[in-house]
Structures are given as C-alpha cells and as structure tokens.
Amino acid sequence: MGVAGGRLLPTPAYNSIQPYCIEHRDRWVPIPELTVNVAGGVPIECKGGVQIMDFSAELGETGIEIYLNGIPYPCYEELFPHHVEAYKKRFGRRA
C-alpha cells in the first residue's frame, strides 16, 4: 500500500467541508463519503481514507494539503510510478 499527497487546489465545493478540515487537522477523523477521482471519474481506493490538512488561516491558500492513505497495489504503482521508481532507487525494493 502507498500514500500520496500534495497541495490541494480547492474548488468552491471545498467550502462545504473546510470548517471540518480546519477543526480536525491535528487529529484527523475521516469523512467516509470523501473520495478522490482519477481524470476519468473513477474513485481512487484509499483504505486509510482521504485526509485534508488545512493551515490556510496561518499560511494562506498554499497551506492546504491532501493525503490519500492506503492506496493498494497495483493501483498505487499505476497512478504514481515515479514514486515507486524513486523508492526502488533509494531502497532497492518495491514501496
């Protein structure tokens, strides 16, 4: 399983969950119906859920990060081959 994360570029729809994300940023409680989809609209399976850490009050819009926790193989390897390759180079095995 893998974890992927990065900066979240929020759309107006994020406003509906932003207060929750700010309130729970230090102790995340997953939102079961929250998903991330690939470009074709298919949700990415995340056994550990989707986590949003919102520090926008302190850092502005660049302070919002999203993490997809527990993406199973082979999906992780298909979606993030550059992560898997970097891990192999560094540790000599699959992530």
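Bear in mind the structure is a predicted one, so any value in this text is a computation, not a measurement.

What counts and what doesn't
Residues numbered from 1 in each chain as written. Predicted model: local features only at pLDDT ≥ 70, side-chain atom pairs only at ≥ 80, totals over all residues. Heavy atoms only, no water. Helix = DSSP H or I, 4+ residues; strand = E, 2+ residues; numbered from the N terminus. Contact = heavy atoms within 4.5 Å. Core = buried A, V, L, I, M, F, W, Y, C linked by side-chain atoms within 4.5 Å. Buried < 20%, exposed > 50% of the residue type's maximum accessible area, 1.4 Å probe, protein only. Salt bridge = Lys/Arg side-chain N within 4 Å of Asp/Glu carboxyl O. Phe/Tyr/Trp six-rings, centres within 6.5 Å; stacked < 30°, edge-to-face > 60°. Pairing = 2+ DSSP bridges. Axes fitted to C-alpha atoms, helices over the stretch in contact; angles between N-to-C directions.

1. Quick notes on the side chain of Q51
Part 1 of the argument: If you trace the backbone, Q51 turns up in strand 2 (residues 49–54).
Part 2 of the argument: Beyond its immediate sequence surroundings of up to four residues, Q51 is in contact with W28, E65, I66, Y67 and N69.

2. Notes on the nonpolar core
Part 1 of the argument: Formed by 19 residues in total, the largest nonpolar core has its most connected members in I52, I71 and Y76.
Part 2 of the argument: For this core, the secondary-structure elements that each account for two or more residues are strand 2 and strand 3 (64–71).
Part 3 of the argument: If you tally residues by element for this core, the top one is strand 3, at four residues.
Part 4 of the argument: With near-sequence residues (within four places) excluded, Y76 lies in contact with G2, V3, A4, I71, P81, H83 and V84.

3. Things to note about the pattern of salt bridges
Part 1 of the argument: What the rule picks out here adds up to four salt bridges.
Part 2 of the argument: Put simply, E58 and R25 hold a salt bridge, and the shortest N to O gap is 2.8 Å. Here E58, found in helix 2 (residues 56–59), pairs with R25, found in the loop between helix 1 (18–23) and strand 2; they are 33 residues apart in sequence, far enough to count as distant.
Part 3 of the argument: Accessibility expressed as a relative area gives 48% for E58, which makes it partly exposed.

4. Some remarks on the packing of aromatic side chains
Part 1 of the argument: Summed over the entire model, instances satisfying the criterion amount to four aromatic pairs.
Part 2 of the argument: Judged by centre distance (5.7 Å) and plane angle (70°), the rings of Y73 and Y76 are edge-to-face.

5. A closer look at the sheet that holds strand 1 (residues 2–7)
Part 1 of the argument: Taken together, three strands build an open sheet; the order of strands is 1-3-2 and the sheet is antiparallel. Of all the strands in the sheet, just strand 1 and strand 2 have a single pairing partner and so form its edges. Ignoring which end each strand starts from, the neighbouring axes of this sheet average 15° apart.
Part 2 of the argument: Here strand 1 pairs with strand 3 via six bridges, running antiparallel. The residue of strand 3 that forms the bridge with R7 is E65.

None of the figures reported here should be taken as evidence of function without further support.
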